[in-house]
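Residue-level listing of the chains:
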Amino acid sequence: MAEGKLAQKVALVTGASSGIGEATAIALASTGAKVALAARRTQRLKKLVKRISESGGQAMPIVTDVADETQVREMVNKAAGLGNIDILVNNAGVMLPAPIEQANTEDWRRMIDINVLGLMYVTQAVLPLMKKQGGGHIVNISSTAGRETRSGFAAYDVTKYGVVAFSDALRKEVHKDNIRVTCIEPGAVSTQLVDRITNVEAKAAAEQYLDIITMLEGEDIAAAVLYAVTQHPRVQVNEILIRPTMEV
Ligand code: NDP
């Protein structure tokens, strides 16, 4: 494993305990990177570390709530213990759709705290390290919900449009420091994302929609992350939009 294109590189992946983050951590590790795995569910992180280690890779679990700025700073310090942080994949997120009038405003706060502020805290904490080491690559996971709105998804759309805007402005600030920024916008991916929806009607509608299309898999998004981070240093992949074939 350590002989792949990312040998000697260190990657920090948030939301690594399931779905896209888990698949991305496996893909990065199997390309030679040492991976720091951040999320809240300890047992799932430990299992993933075991899986990566058994395949010859190196991984470290870091139990973190990205919505907590203090925990984020501790997470970044721990990850830096693997060496540099060459690659950051800002993936942790929740999707809690509901019509605006009926929405639980606690769900709005959770989405903004995790999807937007969490991603911004992690980015801010990593930047001084990347600058000091002479460069790095930040990959932010937005969504097709960051490109077009959908009825019932207003607050989630706010967060994912936010990730697109933040990524674009970040790239303009840090390109001079040899830090590349890539924003990835997936359509429907088969993960645990829908399981956490709190609004009963919105959950049923999401499940019904997902039943009739062939969704992407976490590995498909991991392949896009890998594509972006293994390009020649002169290449900066700004955005990747990926939809299931059956989605428009
Ligand atoms: P999952 O629910 O499978 O994964 C979400 C991950 O985020 C989990 O590892 C979860 O870990 C972590 N997470 C959630 N809250 C926090 C928190 N407060 N602190 C740290 N980690 C947290 O869903 P996906 O893999 O689908 O989601 C990953 C990203 O992809 C999200 O940003 C999502 O918005 C985005 N996305 C997903 C799409 C899809 O169709 N699935 C489409 C487009 C974008 P834990 O609970 O252990 O903390």
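Under an unreviewed UniProt entry, the chain has the name Oxidoreductase and belongs to Chroococcidiopsis cubana SAG 39.79. Under the heading Sequence similarities (unreviewed entry), UniProt records this for the chain: "Belongs to the short-chain dehydrogenases/reductases (SDR) family."

Moving on, we get to the overall build of the chain. When its secondary structure is counted, the chain shows seven helices and nine strands. For 248 residues, the compact-globule formula gives about 18 Å, and the C-alpha radius of gyration of the chain, at 17 Å, lands near that figure. Its C-alpha atoms give the chain principal-axis dimensions of about 50 × 40 × 35 Å. Scored against the burial criterion, the 248 residues of the chain give a buried share of 50%. Put simply, 72% of the contacts in the chain that link residues at least 6 apart link residues at least 24 apart. Surface accessibility of the chain: about 11,800 Å² in total, with carbon and sulfur atoms responsible for 51%.

Let's shift gears to the site of the ligand. Residues in contact with the ligand amount to 29 residues; listed here are only the nearest, Arg40, Tyr156, Val189, Thr191 and Arg196. One of the side-chain N or O atoms of Thr191 is found 2.6 Å from an oxygen atom in the ligand. Contact with the protein chains hides 97% of the accessible area of the ligand, taken as 870 Å² for the molecule alone. When contributions to the shell around the ligand are tallied by element, the ones reaching two or more residues are α1 (19-29) and α5 (154-174). In terms of residue class, the shell around the ligand is built from 12 nonpolar, 12 polar and five charged.

Moving on, we come to the environment of Leu193. Residue position: Leu193 is located in the loop between β7 (189-190) and α6 (200-211). A residue is classified by how much of its surface remains accessible, and Leu193, at 31% relative accessible area, is partly exposed. Counting along the chain gives 175 residues from Leu193 to Ser18, while the straight-line C-alpha distance between them is 9.3 Å. Beyond its immediate chain neighbours, meaning those up to four positions away, Leu193 contacts Gly93, Val94, Met95 and Tyr156.

Strand order in the open sheet made by the seven strands is β3-β2-β1-β4-β5-β6-β9, with parallel pairing throughout. The strands lining the two open edges of the sheet, one partner per strand, are β3 (59-63) and β9 (239-242). Neighbour to neighbour, the strand axes of the sheet diverge by 15 degrees on average, direction disregarded. The pairing of strand β4 (residues 87-90) with strand β5 (residues 136-141) spans four bridges and is classified as parallel. The residue of β5 that forms the bridge with Ile87 is His137.

Estimates place the volume of the second largest pocket at around 340 Å³. When its residues are assigned to classes, the lining of the second largest pocket shows four nonpolar, eight polar and four charged.

For the rest of this paragraph, the subject is the nonpolar core. Residues Leu12, Met75, Val122 and Val126 are the most contacted members of the largest nonpolar core, which totals 41 residues. If you list the elements that add at least two residues to this core, you get β1 (10-14), β2 (34-39), α3 (69-80), α4 (105-133), α5, β6 (179-186) and α6. Sorting elements by how many residues they give to this core places α4 first, with eight residues. Excluding anything up to four places from it in sequence, Val122 contacts Leu12, Thr14, Val66, Val72, Met75, Val76, Leu88 and Asn90. One finds Leu37, Leu48, Val49 and Ala222 within the second-largest nonpolar core, a separate group that totals 36 residues.

Here helix α7 (residues 218-229) is 12 residues long and its end C-alpha atoms lie 17 Å apart, about the 16 Å a rise of 1.5 Å per residue gives. Considered for burial, the residues of α7 that qualify are Gly218, Ile221, Ala222, Ala224, Val225, Leu226, Ala228 and Val229.

The subject of this paragraph is the pairing of β4. Because side chains alternate across β4, one face comprises the buried residues Ile87 and Val89, and the other comprises Leu88 and Asn90, equally buried. The pairing of β1 with β4 spans three bridges and is parallel. Its bridge partner being in β4, Ala11 is matched across the sheet by Ile87. In this region the chain leaves β4, passes through α4 and returns to the parallel neighbour β5; the handedness of that crossover is right-handed.

What follows concerns helix α2 (residues 42-54). Its 13 residues give α2 an end-to-end C-alpha distance of 18 Å, which sits within 8% of 18 Å, the value for a rise of 1.5 Å per residue. Listed in full, the buried residues belonging to α2 are Leu45, Leu48, Val49 and Ile52. Taken down its axis, α2 places every buried residue within 105 degrees of arc, on the same side. Of the exposed residues in α2, those oriented more than 90 degrees away from the buried face are Gln43, Lys47, Lys50 and Glu54. On its buried side, α2 packs onto α1, β2 and β3.

Basis of the calculations
Residues numbered from 1 in each chain as written. Predicted model: local features only at pLDDT ≥ 70, side-chain atom pairs only at ≥ 80, totals over all residues. Heavy atoms only, no water. UniProt positions renumbered as here; feature names shortened; annotations may be inferred. Helix = DSSP H or I, 4+ residues; strand = E, 2+ residues; numbered from the N terminus. Rg over C-alpha atoms; globule rule 2.2 N^0.38 Å. Buried < 20%, exposed > 50% of the residue type's maximum accessible area, 1.4 Å probe, protein only. Contact = heavy atoms within 4.5 Å. Areas by Shrake-Rupley, 256 points an atom, 1.4 Å probe, with all protein chains shown as cover. Near = heavy atom within 4 Å. Polar contact = N/O pair within 3.5 Å; in protein donor to acceptor, adjacent residues only side chain to side chain. Nonpolar A, V, L, I, M, F, W, Y, C, P; charged D, E, K, R; others polar. Pairing = 2+ DSSP bridges. Axes fitted to C-alpha atoms, helices over the stretch in contact; angles between N-to-C directions. 1 Å grid on protein atoms, 1.4 Å probe; cavity = no way out; pocket = protein on both sides within 12 Å on 5 of 7 lines; lining within 4 Å. Points joined across faces, edges and corners; volume = space filled by probe spheres on them. Core = buried A, V, L, I, M, F, W, Y, C linked by side-chain atoms within 4.5 Å. Expected span 1.5 Å × (residues − 1). Right-handed = clockwise from strand over helix to strand, strands pointing away. Arc of directions from axis to C-beta.

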